[in-house]
Amino acid sequence: MSELVILQRGVESYQQSFDAMRAFTDTRDRYTPDQLWLVEHPPVFTLGLGADPAHVIDAHQIPVIQTDRGGEVTYHGPGQAVAYLLFDLRRDDRRLLPRDFVHRIEQAVIDTLATYNCVGERKAGAPGIYIAHGAARGAKIAALGLKIRANGCTYHGVALNVAMDLQPFSWINPCGYAGLATVDLCSLGVDAPLAEVQNRLAHALQQQLMP
């Protein structure tokens, strides 16, 4: 049975996490346990491989970093639960297709939101999770972007908005969509510590992804 190592990395610069993810993936082999990293970043905008820099409307002095994940531009900042998934999709006891991997990550976010009586949903062609009901219906609460190497090893992951300054999202076209509304749990009336949400998200990811 596969083993999952969960690491709480605390507050860490995006570049430090990015470099560490690539270094870990460069040196792992078929016997290396998968890892799930929980982290909180200082303010940063990140661009996916195919991202159009024009989607950063005004960075307001916040760093903009080019990455090697899929997807467009997104924002990371304090009060956001970021989970990085350093997995080998080709393990004999699991063997996940990329589409199934993404689906399970999204389900873990939906399950986490449900523990706070919030209903999340997927949108076809737009990875991430959106609010399904109420005044915030259609607003994005979680962003997802991955790198899957040719050998089946993954990094990057998912970011769930917990209690953030949401204004920086208005300085970009989130995920390439002009005017896309974003929301966090706090805006939905959920008063939950970041560490608690991180732990619930980690548990949900473990339930979805480990055989």
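Relevant structure appears above.
Basis of the calculations
- Residues numbered from 1 in each chain as written.
- Predicted model: local features only at pLDDT ≥ 70, side-chain atom pairs only at ≥ 80, totals over all residues.
- Heavy atoms only, no water.
- Helix = DSSP H or I, 4+ residues; strand = E, 2+ residues; numbered from the N terminus.
- Expected span 1.5 Å × (residues − 1).
- Contact = heavy atoms within 4.5 Å.
- Core = buried A, V, L, I, M, F, W, Y, C linked by side-chain atoms within 4.5 Å.
- Buried < 20%, exposed > 50% of the residue type's maximum accessible area, 1.4 Å probe, protein only.
- Disulfide = S-S within 2.5 Å.
- Salt bridge = Lys/Arg side-chain N within 4 Å of Asp/Glu carboxyl O.

**Digging into helix α2 (residues 98-114)**
An ideal rise of 1.5 Å per residue puts 24 Å on 17 residues; α2 measures up with 24 Å between its terminal C-alpha atoms. Buried residues along α2 sit against β6 (80-86), β7 (120-123), β8 (126-131), β9 (140-148), β10 (154-161) and α3 (194-209).

**Some points on the nonpolar core**
Grouped together as the largest cluster of nonpolar side chains are 40 residues, with contacts concentrated most on F101, I105, I141, L160, L185 and L205. Elements supplying a minimum of two residues to this core: β2 (34-40), β6, α2, β8, β9, β10 and α3. Element by element, the count of residues in this core is highest for α3, at 7 residues.

**Comments concerning the state of the cysteines**
For the structure shown, the criterion picks out 0 disulfides. Looking at C118, it has no disulfide partner, and the nearest cysteine sulfur is the one in C186, 11 Å off. On the accessibility criterion, C118 (9% relative accessible area) is buried.

**Quick word on the pattern of salt bridges**
Within this structure, the stated rule accounts for 8 salt bridges. Between R22 and D19 there is a salt bridge whose closest N-O contact spans 2.9 Å. Note that R22 and D19 are positioned in helix α1 (residues 14-27) at a spacing of 3 residues, about one turn of the helix. We classify R22 as partly exposed; its relative accessible area is 28%. In this structure, a network of salt bridges that share partners links the residues R28, D34 and R91.

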